[in-house]
There are 6 protein chains.
Amino acid sequence: MNAIAQAAATVANPITCTLDFEQDGVQHGFLKLPYSRDDSAWGAVMIPLTVVRNGNGPTALLTGGNHGDEYEGPVALSKLAQQLQAGQVSGRVIIVPFMNTPAFQAGTRTSPIDRGNLNRSFPGRPDGSVTEKIADYFRRTLLPLADIVLDIHSGGRTLDFLPFAACHVLPDKAQQARCEAGMQAFAAPYSMRMLELDAQAMYDTAAEEQGKVFITTELGGGGTSTAKSVALAERGVRNVLIHAGILAGEVEQGETTLLDMPDGDCFIASEHDGLLEMCRDLGETVRQGEVIARIHDIRRTGSAPVEYRARRSGLLAARHFPGLVQCGDTLAVIADVLA
Amino acid sequence: MNAIAQAAATVANPITCTLDFEQDGVQHGFLKLPYSRDDSAWGAVMIPLTVVRNGNGPTALLTGGNHGDEYEGPVALSKLAQQLQAGQVSGRVIIVPFMNTPAFQAGTRTSPIDRGNLNRSFPGRPDGSVTEKIADYFRRTLLPLADIVLDIHSGGRTLDFLPFAACHVLPDKAQQARCEAGMQAFAAPYSMRMLELDAQAMYDTAAEEQGKVFITTELGGGGTSTAKSVALAERGVRNVLIHAGILAGEVEQGETTLLDMPDGDCFIASEHDGLLEMCRDLGETVRQGEVIARIHDIRRTGSAPVEYRARRSGLLAARHFPGLVQCGDTLAVIADVLA
Amino acid sequence: MNAIAQAAATVANPITCTLDFEQDGVQHGFLKLPYSRDDSAWGAVMIPLTVVRNGNGPTALLTGGNHGDEYEGPVALSKLAQQLQAGQVSGRVIIVPFMNTPAFQAGTRTSPIDRGNLNRSFPGRPDGSVTEKIADYFRRTLLPLADIVLDIHSGGRTLDFLPFAACHVLPDKAQQARCEAGMQAFAAPYSMRMLELDAQAMYDTAAEEQGKVFITTELGGGGTSTAKSVALAERGVRNVLIHAGILAGEVEQGETTLLDMPDGDCFIASEHDGLLEMCRDLGETVRQGEVIARIHDIRRTGSAPVEYRARRSGLLAARHFPGLVQCGDTLAVIADVLA
Amino acid sequence: MNAIAQAAATVANPITCTLDFEQDGVQHGFLKLPYSRDDSAWGAVMIPLTVVRNGNGPTALLTGGNHGDEYEGPVALSKLAQQLQAGQVSGRVIIVPFMNTPAFQAGTRTSPIDRGNLNRSFPGRPDGSVTEKIADYFRRTLLPLADIVLDIHSGGRTLDFLPFAACHVLPDKAQQARCEAGMQAFAAPYSMRMLELDAQAMYDTAAEEQGKVFITTELGGGGTSTAKSVALAERGVRNVLIHAGILAGEVEQGETTLLDMPDGDCFIASEHDGLLEMCRDLGETVRQGEVIARIHDIRRTGSAPVEYRARRSGLLAARHFPGLVQCGDTLAVIADVLA
Amino acid sequence: MNAIAQAAATVANPITCTLDFEQDGVQHGFLKLPYSRDDSAWGAVMIPLTVVRNGNGPTALLTGGNHGDEYEGPVALSKLAQQLQAGQVSGRVIIVPFMNTPAFQAGTRTSPIDRGNLNRSFPGRPDGSVTEKIADYFRRTLLPLADIVLDIHSGGRTLDFLPFAACHVLPDKAQQARCEAGMQAFAAPYSMRMLELDAQAMYDTAAEEQGKVFITTELGGGGTSTAKSVALAERGVRNVLIHAGILAGEVEQGETTLLDMPDGDCFIASEHDGLLEMCRDLGETVRQGEVIARIHDIRRTGSAPVEYRARRSGLLAARHFPGLVQCGDTLAVIADVLA
Amino acid sequence: MNAIAQAAATVANPITCTLDFEQDGVQHGFLKLPYSRDDSAWGAVMIPLTVVRNGNGPTALLTGGNHGDEYEGPVALSKLAQQLQAGQVSGRVIIVPFMNTPAFQAGTRTSPIDRGNLNRSFPGRPDGSVTEKIADYFRRTLLPLADIVLDIHSGGRTLDFLPFAACHVLPDKAQQARCEAGMQAFAAPYSMRMLELDAQAMYDTAAEEQGKVFITTELGGGGTSTAKSVALAERGVRNVLIHAGILAGEVEQGETTLLDMPDGDCFIASEHDGLLEMCRDLGETVRQGEVIARIHDIRRTGSAPVEYRARRSGLLAARHFPGLVQCGDTLAVIADVLA
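Residues numbered from 1 in each chain as written. Chains lettered and ligands numbered in written order. Predicted model: local features only at pLDDT ≥ 70, side-chain atom pairs only at ≥ 80, totals over all residues.

Novice: Would you mind showing me how to read the overall build of chain A here?
Specialist: For chain A, the count of helices and strands is seven helices and 19 strands. For chain A, the C-alpha radius of gyration of 21 Å lies close to 20 Å, the compact-globule estimate for 339 residues. When the backbone C-alpha atoms are referred to their principal axes, chain A occupies close to 65 × 50 × 40 Å. The burial tally for chain A puts 59% of its 339 residues in the buried class. Within chain A, contacts between residues separated by at least 24 positions form 69% of all contacts whose residues are at least 6 apart in sequence. (Helix = DSSP H or I, 4+ residues; strand = E, 2+ residues; numbered from the N terminus. Rg over C-alpha atoms; globule rule 2.2 N^0.38 Å. Buried ≥ 20, exposed ≤ 12 C-beta atoms within 10 Å, placed from the backbone. Contact = placed C-beta atoms within 7 Å.)

Novice: Looking at this model, I keep getting lost on the relation of the copies chain A and chain D. Mind explaining?
Specialist: Think of it as a corkscrew move, a rotation about one axis and a shift along it, taking one chain copy to the other. With an axial shift of 0.0 Å and an RMSD of 0.0 Å, the rotation relating chain A to chain D amounts to 120°. Between the two chains, the operation in question is that of a three-fold axis. With a heterologous cut-off of 20% or less, the 12% of interface residues of chain A that recur at the interface of chain D puts this contact in the heterologous class. (Least-squares fit on C-alpha atoms with pLDDT ≥ 70 in both.)

Novice: What should I look at first to understand helix α5 (residues 173–186) of chain E in this one?
Specialist: Since the α-helix packs 3.6 residues into each turn, any two residues three or four apart lie on the same face. Residues and elements named next belong to chain E. For α5, spanning 14 residues, the distance from its first C-alpha to its last is 20 Å, which sits close to the expected 20 Å at 1.5 Å a residue. Listed as buried for α5 are R178, C179, E180, G182, M183, A185 and F186. For α5, the elements touching its buried residues are β6 (148–153), β8 (164–168), β9 (190–194), β10 (213–218) and α7 (227–243). (Expected span 1.5 Å × (residues − 1).)

Novice: Would you take a moment to explain the sheet that holds strand β18 (residues 324–325) of chain C for this structure?
Specialist: For sheets, the rule is that strands pair by backbone hydrogen bonds, running either parallel or antiparallel. Judged by pairing direction, the sheet is antiparallel, and its four strands sit side by side in the order β16-β15-β13-β18 (chain C) without closing on themselves. For this open sheet the edge positions go to β16 (306–309) and β18 of chain C, each flanked by a neighbour on one side alone. Pairing of strand β15 (residues 291–296) of chain C with β16 of chain C involves four bridges; the strand directions are antiparallel. What sits directly across from R294 of chain C, in β16 of chain C, is E307 of chain C. Helix-sheet contacts for helix α2 (residues 72–83) of chain D involve β13 (274–278) and β15 of chain C, and the interaxial angle to β13 of chain C is about 90°. (Pairing = 2+ DSSP bridges. Axes fitted to C-alpha atoms, helices over the stretch in contact; angles between N-to-C directions.)

Novice: What am I meant to see in the interface of chain A and chain B here?
Specialist: Note: interface size is frequently given as the accessible area lost on complex formation between the parts. In this complex, chain A contributes 42 residues to the contact, which on the side of chain B involves 41 residues. It is helix α2 (residues 72–83) of chain A that provides the largest number of residues to the side of chain A that touches chain B, a total of five residues. Class assignment of the residues belonging to the side of chain A that touches chain B gives a composition of 20 nonpolar, 16 polar and six charged. (Nonpolar A, V, L, I, M, F, W, Y, C, P; charged D, E, K, R; others polar.)

Novice: Any chance you could explain the packing of α5 of chain E against α7 of chain E here in plain terms?
Specialist: The description of two packed helices rests on the angle between their axes and on the distance between the axes. All names here are of chain E. Contact geometry for α5 and α7: axes closest at 7 Å, N-to-C directions at 135°. When the axis of α5 is compared with that of α7, the two are oblique. As α5 packs across α7, the resulting crossing turns out to be right-handed. In contact with G182, A185 and F186 of α5, α7 contributes G236, N239, V240 and H243. Partitioning the contact of α5 with α7 into residue classes produces three nonpolar, four polar and no charged. (Parallel < 35°, antiparallel > 145°, perpendicular 65-115°, else oblique. Left-handed = near helix turned anticlockwise from the far one by under 90°.)

Novice: Help me understand the interface of chain A and chain D, please; the structure alone is not making it clear to me.
Specialist: Facing the 16 residues of chain A at the interface are 18 residues of chain D. Of all elements in the fold, only α1 (3–8), β2 (25–34) and β3 (44–54) of chain A reach the threshold of two or more residues within the side of chain A that touches chain D. Across the side of chain A that touches chain D, the residue classes tally to nine nonpolar, three polar and four charged.

Novice: Could you clarify how one ought to interpret the packing of helix α2 (residues 72–83) of chain E against α7 of chain E in this entry?
Specialist: Residue and element names in this part refer to chain E. As a packed pair, α2 and α7 sit with axes 9 Å apart at the nearest point and diverge in direction by 55°. Taken together, the axis directions place α2 and α7 in an arrangement best described as oblique. Between α2 and α7 the crossing geometry is right-handed. Here α2 contributes E72, G73, V75, A76, K79 and L80 to the contact with α7, which in turn contributes S229, V230, A233, E234 and V237. Looking at the contact of α2 with α7 residue by residue, the classes come out as six nonpolar, two polar and three charged.

Novice: Sorry if this is basic, but what is going on with the relation of the copies chain A and chain B here?
Specialist: For the pair chain A and chain B, the best superposition has an RMSD of 0.0 Å and corresponds to a rotation of 180° with a translation of 0.0 Å parallel to the axis. Such a combination of rotation and displacement between the chain copies is what one expects of a two-fold axis. Identified as the residue of chain A closest to the rotation axis by C-alpha distance is G222 of chain A, at 3.6 Å. Both copies share a contact surface, since 98% of the interface residues of chain A are interface residues in chain B too.

Novice: Even after reading the chapter, I still don't get helix α2 (residues 72–83) of chain F, so can you show me in this structure?
Specialist: The end-to-end C-alpha separation of α2 of chain F is 17 Å, in line with the 16 Å expected for twelve residues at 1.5 Å each. Of all the residues in α2 of chain F, the buried ones are E72, G73, P74, V75, A76, L77, S78, L80 and A81 of chain F.

Novice: Which parts of the structure should I look at to understand the nonpolar core?
Specialist: Soluble globular proteins tend to bury their nonpolar side chains together. Judged by nonpolar contacts, the single largest core of 647 residues is most densely connected at A60 of chain A, A60 of chain B, A60 of chain C, A60 of chain D, A60 of chain E together with A60 of chain F. Not counting the four nearest positions on each side in its chain, A60 of chain C is found in contact with V93, A146, I148, L150, V240, L241, A244 and I246 of chain C. (Core = buried A, V, L, I, M, F, W, Y, C linked by C-beta atoms within 7 Å.)

Novice: Help me out: how do you make sense of the domain arrangement of chain A in this one?
Specialist: Residues and elements named next belong to chain A. Domain annotation of chain A identifies domain 1 (3–258) and domain 2 (261–337). Facing the eleven residues of domain 1 at the interface are ten residues of domain 2. The element best represented in the side of domain 1 that touches domain 2 is strand β7 (residues 159–161), accounting for three residues. Split into classes, the residues belonging to the side of domain 1 that touches domain 2 amount to four nonpolar, five polar and two charged. (Domains from an automatic or database assignment.)

Novice: Looking at this structure, how should I read the environment of L162 of chain F?
Specialist: Structurally, the position occupied by L162 of chain F is in the loop between β7 (159–161) and β8 (164–168). Taking the C-alpha atoms as reference points, L162 of chain F and F122 of chain F, 40 residues apart in sequence, are found 27 Å from one another.

Novice: It is not clear to me how unusual backbone geometry should be interpreted in this structure. Could you clarify?
Specialist: Of all residues except glycine, most have a negative phi; of all peptide bonds, most are trans. Put simply, F122 of chain B and P123 of chain B share a cis peptide bond, and its omega is 10°. By the element assignment, P123 of chain B lies in the loop between α3 (101–106) and α4 (130–142). Backbone geometry at R115 of chain B places phi at a positive 55°, although glycine is not the residue there. Within the secondary structure, R115 of chain B is located in the loop between α3 and α4. Positive phi, normally seen in glycine, also occurs at A187 of chain F, with a value near 65°. Judged by the 21 C-beta atoms lying within 10 Å of it, A187 of chain F falls in the buried class.

This is the structure we're talking about:
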């Protein structure tokens, strides 16, 4: 947190919550962020949330829609919010299925109000943009309430991923171990321990800096969800709540493959605009030097496509989703299989 | 063709082709459509095409990008245009990989110039909008050159399909049989004989009215393509050219399942806005009365989702792709399995 | 109807109704207009409607939202649609509270899809723009079902009116008398018999050409409604249904002042851009030569405003609503008081 | 003023004034703010102002157009700027009728350049956005010149108010008394002493922090003005200048009703999107528990509207103006009548 | 004129003129075209014009702003409209400096309302788009009043021309000779007799079909004008009015070079996007095979530019103006020097 | 550099360079700035650059496209980047032809991403907007590598200049002398020693503060370039590299006229909107009091234009380029001729 953020931290966040976090039972309501604008002078951004509490016990903070075009989290958490009953829990579950609500309602990664990428807006500012105000509220109000934090991501409209849960390599190894245990509990088909090279401004980092158990995921992509990918999310959420001691029962284990993305050679980036031809699909094993993708000219026929080759061997774990590609886009990610 | 179109038909189409359709060899060039606009007073829409000709013989007209956000056709046909050599063909192949070029270059279903949906712009007008001019040129210049016409579609950014080739139920049963033979040659995993309820203004109809063998496809969707879906397209194109007697060799057969969509009960349409939860995935068999999809409120948590149920049993053959849905959108299509 | 419209009239309108107009009882549903677009390839415009029927008898067609930023009609008709019970009616009531649904949902006079002004899109075209398709459906499907047609207008975001009901001077004097009786039944504070100078392309004309009893209104403006203006609309709707013999009871009469706008001198139009200062308010009596409005420069201070004077004496019946005005805008309308 | 503002305060504001504040007589000119942009590399935002000075004496700073869609201030002050003569004043009057000129010329609450809400941009920054530069100039250059400050507001396009003048509850009770005297002098039909719960970043606060007599108003709304509402503004301005000793004559008193909005229960906010039906109008007395407004579904007919009830008794003092409403919008404000 | 236009011709054009064409003296006013839209329900497009008449005699119709980004005509004709006195003329001068007023006020070639290119919208339609209505009014109302028609063009924002006056090769040689005499009278530095290959929908053609003497020009370009280019326009206008017998005095002759553009080889069109490097400038003599322009890649450095060569020798008479170029744009035009 | 910038300076800039600045030879590559956005979650802004190095020696940093609509720099530097061979240089040349790449590719002065004016974004911020990140990278990474810095500007789409090279009046007179020598070496037709009144946030200042030899230019304008203006740029670049000892050979001298803009009276700014008539052209000598420009009303004909007169005598050195002008725009600049 730099000097600006420190100054900001003395200002109250304008968001109010219509619910009482300390009240037992199921409550549905809103985080209300006043937002004066041309089409409503006294309007507000309303972020729906549900709090389910039953006596003392650990608190889980469950979020989806951190990026507005990722759907497994919003579906799984909307269902949970509607179904979870107070009697089922010990402690508290705070469910925010559409974290960056303006982005989610617009179906876009970033907020239509300020183009804010919420996951790159931390620590946030109480007197900043709408997205920065949301970040500040999560950092200063919601995260301190939580013991375990699960933030469900997918690839969104422009990326597609093999489904995995992840945790970060952290300086505090005890904390890292707790996070890894949470990731294992999620029981996604793939799991990844990530060394975040650029952790700056992320929600992840804000949670981890407060010592929380933090679990994140990538459960698909393309700006859609499927019955299958939602089922993964629902099982993962349930497992994490059981693991945290909030729900009774046993974690439903599945097989998981441990992946790693050890360095920059994993990433293949485009230096051309054009029509993308993927030569290999997600989940396939590729070898160093193999052609992974071609980019065809969209201005004329007859010219040879540009070829992009794997710089390392591994599993094709992520890809650019749309049929067209721009110079600078990440085309594909190749991961190491650890186990 | 109505009175307006008849009047229009006496006007010359302003599109010129930079190639000579009667010249042997491989030529790459453009259909050039003058287009005066604010950012270029003497500009043009340039539609790339390739003509490969070797003596007399049948002519195949191969098109992709009729809708600008469908990618199997553009990739397979860009590759063919770059690789096909004159010595390989008997007759002529006309390849237009990005039929509605402005839409394709923008990555959108319809043209950014006039929001024209090319496949609903036939018969077109030589003095109409840019999209109508393209339609008129295909109808009056390119289609008459062809014996067999293959138009490769996919679902685009907002639909996803099981991969199938298709032909239409036609009044001329001999023509229909030739079309079915072409569809079988394409050898997609699924095949569909369609009674087009609303054939008005389609490219398909324009081709069929001229007595052509016409084959269309749906090879995936979501605004992307995969190594697998492109391979289907490439095999299908090669097969069709062999079937037409233009390429030598034998059609590479695969297993195909014959589907039918006999009536309106196949289509499940949304009467709500919201977050879409698909309860069944593409290719699954569903039973009448089963919940196929739910729509969750994106304004609040805690309210029960709306359920949509199958009105008939069959195979889930198509679905709405994006994670959000609007009132009026088609959620899913359930097809009969014929064979 | 010109030649183009005649040609179009042989084409079926693509709109389907989810309700059965001949079924007794209360039905809520949609007019469904297929609309393929970038964000939904198989989408539709869904126009909500309610049909209440109880045996044989006259049919009233009640509409609001012909212009999308006028609210008395949509509110009064939404309430009627929710409250009216089949047992209360003799005959049939067809209620379409948001006639140009895309415009209404956007809060704009014209459609965001094609900028169509529905009330200037008649006779419409079944193969035209979305707005033209709606017009064609009303003209060829809904109007023929009706005996009496009430279309509730207000001034919208950019005009404000004294509240009045109106009918037109018609060539068929018997029809005109029936329309006047309907207008009187509506019992607005003001009533107006209008000689429509430019009746071309209006819904009014389409209805009148089919011999229907047609009543229209202007019930306020500014893009809002009030408890008072909605009450006028509700009373008027009830009165008209009683007058038509569909609802039992007696027409609740109020005092009405009969107005006339005999010629072009009634209209004061701006030839300047600027900041509008109205010198007289709606409902005030003004004298010829009086300053009605001033337009102030918005680029600088200190320059004298331009003055606009009444060209005739009368009642200030309508005004430009927004605080800024553009060259060409109608500033004010002065009506004759007949009774 | 926080650390950032402190740093900024050492930078000169780029705005220059084409007038001399110390010169006697009437001057019309501009505040000129250099603004380099795509359509004018060496362009400027030009804020019109008038200075009328006649020897020593108090200075009044009169502003309108703080929000760009509020019109009573701009009209009354444009007229004053054009009519006021130096011989009429003792001291100085600084008139800025369109404070946020870019917003005013666009007819929007906020600036089209940076979406800045000027009244939430204080203390401003000399090296910030265009709106922040304007705020900084008012705070550091214009406010220090003034003894009494009158900022004329109305509801704008999205709110409507009973007409009132207002002052704030201030820590310095002597200052507060001077402000109240100014408010009383304005002589609006209603007057309000406000405890600003969230005074941060307001022009009001910037003026009050410098010890100025500060008066604000709300004189109507809806993005329009009327002959009547402008007359209120003109009388108020004249009264305030007389009260300040700048104009000769006597304050023209009118009856005023003293209102209070003591707590959050005064505000009724929407938690739904839809079509707004106000059940009570501005100026009516309402009782706790009464239905104040209903919100109707705009997607379908036949569903029951949501009802919003008064949480306290009082006078309906403000309302949401447009016919449609969004989740989070303030629907209505109920005020206490003190006298 | 096709069948549609014929049908349309029976409908009255909604444009009214605030002036009396038959009245002697100087009149300034408007063509008023009602235009109902979201921001003004009862608004209008107002096209300024001036009529100067003095007894019987020939009528000249002088127009600028046919394309909205061409400035020599608007400046020269604005000056003429302000300065010309009735006593100076014999007959009548009708001056419309901003023919496509919406385009002119927006500074764009085409209309911001409907993207209409006025010079490609003839014969127009009285019930068509705003631009088509303007075309119809010129064709059916203004052109019939005129004996001689001068339409002043320049290159606009995206083209630059050597300054020339022009007439067309016409089937009626006597008419052509009258047009040539008018072109010679204009006395531009260059003159061009054009065989319009695609005369469809042009204002030129509409005037010529009515047997009028029609003169057009290209007087520069780039979306600007200079003291020098405006002087050319002013001299040309004066000369044409003298030539027509409307103004007294003698035509001020200058030297003119006669140019010809005999075939399509004159035009060099781009088949690439990129950064344009012109290798020769306007007015230079070039030889066949010479490099005229290069296009550089804007995505990367180090790749060789594409070269475009002259396909014929001649004078560089026109060029693409902006620094960037798109595939399909006309890069340059090479003209033959006849004399 | 203020406190905020100081804080920012401790954060690493996210831009990486794909080249090795210390490697001998010619390298073409990119500055890669990660930019996550709605249409590419893992995308990047790619700024092309070329590094040519041959052993030890001075480093020249050559830039174009600081403003995205200025073309002499991008053309001359694209050509240099493609042609320069390592064997020709002693030391190092770093070529960035499109400094603000997003602006350049959009053809606009400022960035389409954040509307950033790069030349007013220094010192920049590593955690700021895209434009601020580019500024920070130049300031902290590229400028320190350089001995001599040449930044090639022109007027862009909205200004036109006489071609000149320039240096600044600097506190360090030895540095100023070195800069003047560089300016003289560039050998533009005009040269200017500028006292930058508002040097804040400029690239120039960032370079000069690091003690670099800094040369800037204005080589034309209007958003285009010509063979002639590009030739000036190419000669200037070559001369500067020779002057710096990096290229062999002799500086090719031309005649240059020394200009000065001593005070604010040089600038004529518009206080009106309208149609611009320049009465004098670039390069002409004007006298104080002479009419330089007129602004005509675009809303009506017949009103007298506003005249703008020279406030000093001198050479017309710059002008507003577009045909329309807005209140606040700089119309013209009149320079003193020193030699």
